[in-house]
Amino acid sequence: MTPPRLIYRNGTLRIMDQRLLPDRVAYIPARTAAAVAKATKDMALRGAPLIGCAAAFGFALELRRLRPGTPAALRAAARRTAELLKAARPTAVALFYAADRMLARALEFADAHPRPFGPAEKRRLVSLLEKEARLITAEDARACLDIGRHGARLLPKNCVIMTHCNAGALATMGIGTAVGVITEGRRAGKVKRAYACETRPYLQGARLTVWELMREKVPSELITDNMAAHIIKTCGVNAIVVGADRIAANGDTANKVGTYGLAIIARHHGVPFYVAAPTPTVDMEARSGDAIEIEERSCGEVVVVKGRRIAPRKVRARHPAFDVTPAGLITALITERGVISPVNVRNIGARLA
Ligand code: MRU
């Protein structure tokens, strides 16, 4: 079992600091939305669904600090808090989904209380927001289980499967999305071996995914990203499954940089390429992948690995954290509502309706 990623108790959110993995498990206490946003920006917590769940608790924490007052003050604080949380990272839509859902609850409360409210009503507001955050978390955990089961059914016997980045328990509040498919597939006796790409520059595959797979006793091997084509060609890989940060209405999918390249290799070798994600990952307002903002992170994360510079001083570098895989390269989307294939605007719309 993966240790808890978030623990919410008595006005404190304890966030597992994933930067310390796999060496140790330790937590950062957060009591404000700003602290949650900072932990998200700094990658102490990461993974699309998890940053959404943390944002939901961050929202509740912040409004807990609000003094009883006017509905106008509550509305202003709620809007400010949602904006602060959403500014932490731009690509994963789960963050926006959770912050907007929490904001909607706070605004409903303000609308229902036209006069200034006192401590008792404030307590009701906080408990309502905490309940909503817990619901978002429970929905994520449930979705992961369903995704795992739907995905496992797609895998062939003796499956040799590859994944990229970390779409495991560490990225969610449940068993993970892509990794959930692998562990459920293993439980069903179908997965012979899993390959995890190390995922430069942040090494989520090396630090996190293989750590999870080993704990789950899935026979697995770590490869560097540039080994993927060779391993797919020579080691019998017959499925690739990845997570998603945002899926456009037409199925174009933003996920960790390197995913697009894997999808091209998969197509060349006739290997099915699956994207496993809960339905809130679909952003119907983004018509295609072109509308998805790709986060550009610090070049320092490319040039410095574990505190050691690996390139010349003053070198120019780039760090797009995600890329977009065109829908045409994706065999199926695996969601908690079932499998969507072929991946196109009509099938996605029908499944979400
Ligand atoms: O930068 P990260 O570590 O937050 O990126 C994570 C990924 O790209 C995951 O593959 C994605 O969020 C899916 S998580 C279930």
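Here, the structure is the one placed above.
Here goes a summary of the coordinates provided. (Residues numbered from 1 in each chain as written. Predicted model: local features only at pLDDT ≥ 70, side-chain atom pairs only at ≥ 80, totals over all residues. Heavy atoms only, no water.)

Remarks on the overall build of the protein
Then step 1. The secondary structure content of the protein amounts to 11 helices and 16 strands.
Then step 2. Taken against the 2.2 N^0.38 rule, which gives 20 Å for 353 residues, the C-alpha radius of gyration of the protein at 20 Å falls within 12% of a compact globule.
Then step 3. Projected onto the principal axes, the alpha-carbon positions of the protein cover approximately 70 × 50 × 35 Å.
Then step 4. Expressed as a percentage of the 353 residues in the protein, the buried residues total 56%.
Then step 5. A fraction of 75% describes how many contacts in the protein between residues 6 or more apart in sequence connect residues 24 or more apart.
Then step 6. Each charge class in the protein can be summarised by its mean position, and for the 54 positive and 31 negative side chains these summaries are 4 Å apart. (Helix = DSSP H or I, 4+ residues; strand = E, 2+ residues; numbered from the N terminus. Rg over C-alpha atoms; globule rule 2.2 N^0.38 Å. Buried < 20%, exposed > 50% of the residue type's maximum accessible area, 1.4 Å probe, protein only. Contact = heavy atoms within 4.5 Å. Lys, Arg positive; Asp, Glu negative; His and termini not counted. Charge placed at Lys NZ, Arg CZ, Asp CG, Glu CD.)

Section: unusual backbone geometry
Then step 1. Cis rather than trans, the peptide bond between Leu21 and Pro22 has omega equal to 5 degrees.
Then step 2. With respect to the helices, strands and loops of the structure, Pro22 is situated in the loop between strand 2 (12–16) and strand 3 (27–30).
Then step 3. Phi at Cys165 takes a positive value of approximately 60 degrees, unusual for a residue other than glycine.
Then step 4. Following the sequence through the fold, Cys165 ends up in the loop between strand 4 (159–163) and helix 6 (178–187).
Then step 5. For Cys165, a relative accessible area of 7% puts it in the buried group.
Then step 6. Residues other than glycine seldom take positive phi values, yet Lys217 does so here, at roughly 60 degrees.
Then step 7. Topologically, Lys217 is positioned in the loop between helix 7 (204–215) and strand 6 (220–223).

Here's the deal with helix 6
Then step 1. For helix 6, the tally of buried residues reaches eight of 10 residues, placing the bulk of the element in the interior.
Then step 2. All buried positions along helix 6 are accounted for by Ala178, Val179, Gly180, Val181, Ile182, Thr183, Glu184 and Gly185.
Then step 3. Where helix 6 terminates, the next one or two residues include Gly189, which has phi positive at roughly 75 degrees.

Some remarks on the site of the ligand
Then step 1. Arg46, Arg89, Gln204, Asn255 and Lys256 are the nearest of the 19 residues found near the ligand.
Then step 2. In this structure, Arg89 approaches the ligand through a side-chain N or O atom, which is 2.8 Å from an oxygen atom.
Then step 3. Between the ligand and Asp245 there is a distance of 2.9 Å, counted from an oxygen atom to a side-chain nitrogen or oxygen.
Then step 4. Its free accessible area being 410 Å², the ligand has 99% of it covered by the protein chains.
Then step 5. Structurally, the ligand is housed in the largest cavity.
Then step 6. Among the secondary structure elements, those contributing two or more residues to the shell around the ligand are helix 2 (48–64) and strand 9 (253–256).
Then step 7. Taken together, the residues that form the shell around the ligand break down as eight nonpolar, seven polar and four charged.
Then step 8. Per-domain counts for the shell around the ligand show at least three residues from each of domain 1 (6–143) and domain 2 (155–352). (Near = heavy atom within 4 Å. Polar contact = N/O pair within 3.5 Å; in protein donor to acceptor, adjacent residues only side chain to side chain. Areas by Shrake-Rupley, 256 points an atom, 1.4 Å probe, with all protein chains shown as cover. 1 Å grid on protein atoms, 1.4 Å probe; cavity = no way out; pocket = protein on both sides within 12 Å on 5 of 7 lines; lining within 4 Å. Sits in = over half its atoms within 2 Å of the grid points. Nonpolar A, V, L, I, M, F, W, Y, C, P; charged D, E, K, R; others polar. Domains from an automatic or database assignment.)

A few points about the nonpolar core
Then step 1. Grouped together as the largest cluster of nonpolar side chains are 46 residues, with contacts concentrated most on Leu6, Leu13 and Phe59.
Then step 2. Counting only elements with at least two residues in this core, the list comes to strand 1 (6–9), strand 2, helix 1 (33–41), helix 2, helix 3 (71–86), helix 4 (93–112) and helix 5 (119–154).
Then step 3. In terms of residue count, helix 2 provides more of this core than any other element does, 12 residues in total.
Then step 4. In this structure, Leu13 is in contact with Leu6, Ile7, Tyr8, Ile28, Pro29, Ala30, Val36, Ala54, Phe57 and Leu61, ignoring residues within four places of it in sequence. (Core = buried A, V, L, I, M, F, W, Y, C linked by side-chain atoms within 4.5 Å.)

Focus: the side chain of Glu212
Then step 1. If you trace the backbone, Glu212 turns up in helix 7.
Then step 2. Comment: no salt bridge for buried Glu212; closest opposite-charge side chain is Arg46, at 6.1 Å.
Then step 3. One polar contact links Glu212 to Asn166, side chain to side chain, over a distance of 3.2 Å.
Then step 4. With residues near it in sequence (within four places) discarded, Glu212 still touches Thr2, Asn166, Gly168, Ala169, Leu170 and Val179. (Salt bridge = Lys/Arg side-chain N within 4 Å of Asp/Glu carboxyl O.)

What to know about the pattern of salt bridges
Then step 1. Using the criterion set out here, one finds 19 salt bridges in the structure.
Then step 2. For Asp100, the salt bridge goes to Lys86, with nearest N and O atoms at 2.7 Å. Highlighted residues: Asp100 in helix 4 and Lys86 in helix 3, separated in sequence by 14 residues.
Then step 3. According to the relative accessible area criterion, Asp100 is partly exposed, its value standing at 35%.
Then step 4. Between Arg142 and Asp146 there is a salt bridge whose closest N-O contact spans 2.8 Å. One end of the pair, Arg142, and the other, Asp146, are both in helix 5, four residues apart, so they sit about a helical turn from each other.
Then step 5. Its relative accessible area of 44% is what places Arg142 among the partly exposed residues.
Then step 6. Taken together, the shared-partner salt bridges in this structure form one network comprising Arg101, Arg105, Glu108, Glu132 and Glu139.

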